[in-house]
Amino acid sequence: MGSHSHSDRRRFLMGGAALAGVVTGAVRSVRGQTPAPEARPRDNLAYGQPSRFDDTIRKTTGRATAISDTALMTPLQDLDGIITPSGLHFLMDHVNGVPDIDPQQHRLLIHGMVDRPLIYTMDELKRLPSVSRIYFLECNANSRPLRGPNGESVQLVHGRTSCSEWTGVLLSILLKECGVQKGASWVVAEGSDANKYTMSIPLGKAMDDILVAYAQNGEPVRPQQGYPVRLVVPGWEAIRSVKWLSRIKVVDQPYMAWHESGNNADTRPDGKGLWFRFELGPKSVITRPSGGQRLPGHGPYEITGLAWTGGGAVRKVEVSTDGGRTYKEAELQQPVHRYAHTRFRIPWKWSGEEVVLQSRCTDERGEVQPTIAEAAKNLRVTPDYFYEADHFNGIQPWKVNRDGSIQNALFL
Amino acid sequence: MRCSSSLLTAVIALLACVTALAQGPTYQLGRTPSEEDIKARDIAISPDGKELPPGSGTAKEGATIFAQKCAACHGPNGTGGGLVRGVIPLGNAKPVKLAFSLVPYATTVWDFINRAMPQTKPGSLTANEVYAATAYVLYRNDIINETDVLDAKSLPKVQMPNRDNFLPVQPGWKPGAKRPFGYYP
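What counts, and where the lines are drawn
Residues numbered from 1 in each chain as written. Chains lettered and ligands numbered in written order. Predicted model: local features only at pLDDT ≥ 70, side-chain atom pairs only at ≥ 80, totals over all residues. Heavy atoms only, no water. Disulfide = S-S within 2.5 Å. Buried < 20%, exposed > 50% of the residue type's maximum accessible area, 1.4 Å probe, protein only. Core = buried A, V, L, I, M, F, W, Y, C linked by side-chain atoms within 4.5 Å. Contact = heavy atoms within 4.5 Å. Salt bridge = Lys/Arg side-chain N within 4 Å of Asp/Glu carboxyl O. Helix = DSSP H or I, 4+ residues; strand = E, 2+ residues; numbered from the N terminus. Expected span 1.5 Å × (residues − 1). Polar contact = N/O pair within 3.5 Å; in protein donor to acceptor, adjacent residues only side chain to side chain. pLDDT = per-residue confidence, 0-100. 1 Å grid on protein atoms, 1.4 Å probe; cavity = no way out; pocket = protein on both sides within 12 Å on 5 of 7 lines; lining within 4 Å. Points joined across faces, edges and corners; volume = space filled by probe spheres on them.

So, the state of the cysteines
Taken as a whole and assessed by the stated rule, the structure comprises 0 disulfides over all chains. In this structure Cys 139 of chain A is not part of a disulfide, and its nearest cysteine sulfur, from Cys 163 of chain A, lies 16 Å away. For Cys 139 of chain A, a relative accessible area of 8% translates into the label buried. A disulfide-free cysteine, Cys 70 of chain B has its sulfur positioned 8.8 Å from the sulfur of Cys 73 of chain B, the nearest such atom. A relative accessible area of 18% places Cys 70 of chain B in the buried class.

As structure tokens, this is what we get:
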């Protein structure tokens, strides 16, 4: 690594303009050898760290992919409340290494079908009116059923979702500053990673609630999450939330970039291809007790988990302790935020018998999370269709065995 | 944070925004970029190919470039090797395998090779090299002939195998629209 950065750096700097004389260090792969010129040490006093007894960490399925080094899942089973610590935010990159961007050199260019193209520095972006909003992000491939030991962990099956408080400027403010022209209907967003990751987004969403975010959970967005600035597209598949954002082009059609038209397109059972699916369905999952854990004995427990939906707010979560025959409404942690993880809790007493625990989410539109059987019936496919399907939001059953061990009962 | 009851208001506001776009700047921050600033960064290619630069290439020329600059990762004839999911043939159709590619336009292939390949040195290819490498990739996927010349005119006209099998972009999508039970897009 590192050898790619020369041309990239040059392209980046040409675009940044007025940057003459700063040819080194603007963009560099973190895997490159050069140490950051102004690197400050951050020890446990300068920046607090978790206890040495705590090993709450992200994990990978170990499944080889071209990008396996950056496919890391959030440890949902170890977390409480609704906020994911930034260092535990899931990571699923389609880029060649995390870029190491100096915010002083970073520029955001907005152009295309606008009256006034503009280039913003980070300082200028931060002078604009800001908002803080709690939003989840979820990879479109999250919750795909997994075979084998990986399928026994809520982290590895469902951990491609995280929830943060994001702070930044509404994209609509920037677009209004530039004056969007008649006939424009989409924006093309581009990152400043080595691949210049690109996504098309309908203008209607861009003018609604998309954030140009520079802070996550109160501190600057972490490099792995798009430092110094990224898009956060609430409720939509996270592939749209372009990291390391450096360019927005206002256009009149989707551009069919590689990662939206080939790499992330899907086919339906009828053989038709799908380009854009945007909104994520209502979903919930019990994070404790969950697959791979073991109950130490019968008696009282709290069942807890997370629910979220691309449709807005979670309206209710019901929990079943008999494999879906009956459901009881769980308590939702208040306030419930739209497009955010919603924590649910319900007390439970384990008798020591074999039981199947599962949860079901209903969102503000009244859309209900289906079982895998219901989803398969709708599509006229067998349940194993979903092994390779994106956007799967089926109910997750966990079976508690007599010995207290817990296993994934999706296909039992 | 908006609360859930304001969904309808949000939808109406959204529609209102889209119709009331033309107004002057409020904050007057940011700098006006020069034509050159924009040109240097404006690399995205649309399906109609209007942004394509001059230049041309054939699969024959592309084979040489591929051997030098691509084969290390993509295999001698683009048949995989080094990359687990095999980068060529194009696309990773799932869950139902399509015969060829999920890429609806040849411009997508050109754009991706231009912006991201070779992975160790993205942005290093000349326009001619990108045309030739694209031609080679398409030829290896039986989409064009070995001697077909790709340029700004011919590339957007290449008929990708599944162009007509694609559903329109997000059929019927509206923000907040209710979807049927068990809806799977």
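Digging into the nonpolar core
A general tendency of soluble globular proteins is for nonpolar side chains to be buried together. Residues and elements named next belong to chain A. By size, the foremost hydrophobic cluster in this structure holds 68 residues, and its most contacted members are Leu 174, Leu 175, Leu 231 and Ile 248. For Leu 231, the residues in contact, after removing those within four places along its chain, are Leu 171, Ala 189, Ile 201, Ile 210, Leu 211, Val 212, Arg 240, Ser 241, Val 242, Leu 245 and Ile 248. Listed in part, the 30 residues of the second largest apolar core include Ile 346, Trp 348, Leu 357 and Ile 406.

Considering the pattern of salt bridges
Taken as a whole and assessed by the stated rule, the structure comprises 26 salt bridges over all chains. Note that Arg 338 of chain A and Glu 364 of chain A form a salt bridge whose closest N and O atoms lie 2.6 Å from each other. Taken together, the residues span a long stretch of sequence, with Arg 338 of chain A in the loop between β21 (331-332) and β22 (342-350) and Glu 364 of chain A in the loop between β23 (355-363) and α7 (372-379) at a distance of 26 residues. Accessibility classification places Arg 338 of chain A together with Glu 364 of chain A in one group, the buried group. Each member of the salt-bridge network shares a partner with another, and the members are Glu 190, Arg 247 and Lys 249 of chain A together with Asp 42, Asp 48, Lys 50, Glu 51, Asp 111 and Arg 115 of chain B.

Observations concerning helix α6 (residues 127-140) of chain B
All names here are of chain B. Given a rise of 1.5 Å per residue, 14 residues ought to cover 20 Å, and the 20 Å separating the end C-alpha atoms of α6 matches this to within 8%. Most of α6 sits inside the fold, with 10 of its 14 residues counted as buried. Within α6 the residues assigned to the buried category are Glu 129, Val 130, Tyr 131, Ala 132, Ala 133, Thr 134, Ala 135, Tyr 136, Val 137 and Leu 138. On its buried side, α6 packs onto β1 (56-57), α3 (59-69), α5 (106-116) and β2 (150-151). Following α6 by one or two positions, Asp 142 has its phi on the positive side, about 60°.

Overview of α5 of chain B
Among the 11 residues that make up α5 of chain B, 11 are buried, leaving the element largely enclosed by the rest of the structure. Listing the buried residues of α5 of chain B in full gives Ala 106, Thr 107, Thr 108, Val 109, Trp 110, Asp 111, Phe 112, Ile 113, Asn 114, Arg 115 and Ala 116 of chain B.

Thoughts on the environment of Ser 284 of chain A
Residues and elements named next belong to chain A. Structurally, the position occupied by Ser 284 is in strand β17 (residues 283-288). Along the backbone, Ser 284 and Leu 45 are 239 residues apart, and their C-alpha atoms lie at a distance of 38 Å. Side chain to side chain, Ser 284 and Ser 359 meet in a polar contact 2.8 Å long. At a separation of 2.8 Å, a polar atom in the side chain of Ser 284 contacts the side chain of Gln 369.

What about the confidence of the model for chain A?
A residue-level look at chain A finds 88% of positions with pLDDT of 70 or above and a mean pLDDT of 87. Ignoring residues within four places in sequence, the model shows residues 64-68 of chain A, a span with pLDDT below 50, making 7 contacts including any to other chains.

Focus: empty space enclosed by the protein
The probe, sized like a water molecule, is rolled over the atoms to show the empty space still left. Residue and element names in this part refer to chain A. Scanning the entire structure with this criterion turns up 8 cavities of 30 Å³ or more. There is about 240 Å³ of room inside the largest cavity. Lining the largest cavity are 19 residues, with Met 92, Asp 93, Ala 238, Ile 239 and Lys 243 positioned closest to its centre.

Considerations on unusual backbone geometry
The omega angle of the peptide bond from Arg 288 of chain A to Pro 289 of chain A is -5°, so this bond is cis rather than trans. The residue Pro 289 of chain A is located in the loop between β17 and β18 (299-308) in this model. Going from Met 117 of chain B to Pro 118 of chain B, the amide bond is cis rather than trans, its omega being -10°. Take Pro 118 of chain B: it is sitting in the loop between α5 and α6. Backbone geometry at Trp 244 of chain A places phi at a positive 50°, although glycine is not the residue there. With respect to the secondary-structure elements, Trp 244 of chain A resides in the loop between β13 (230-232) and β14 (245-251).

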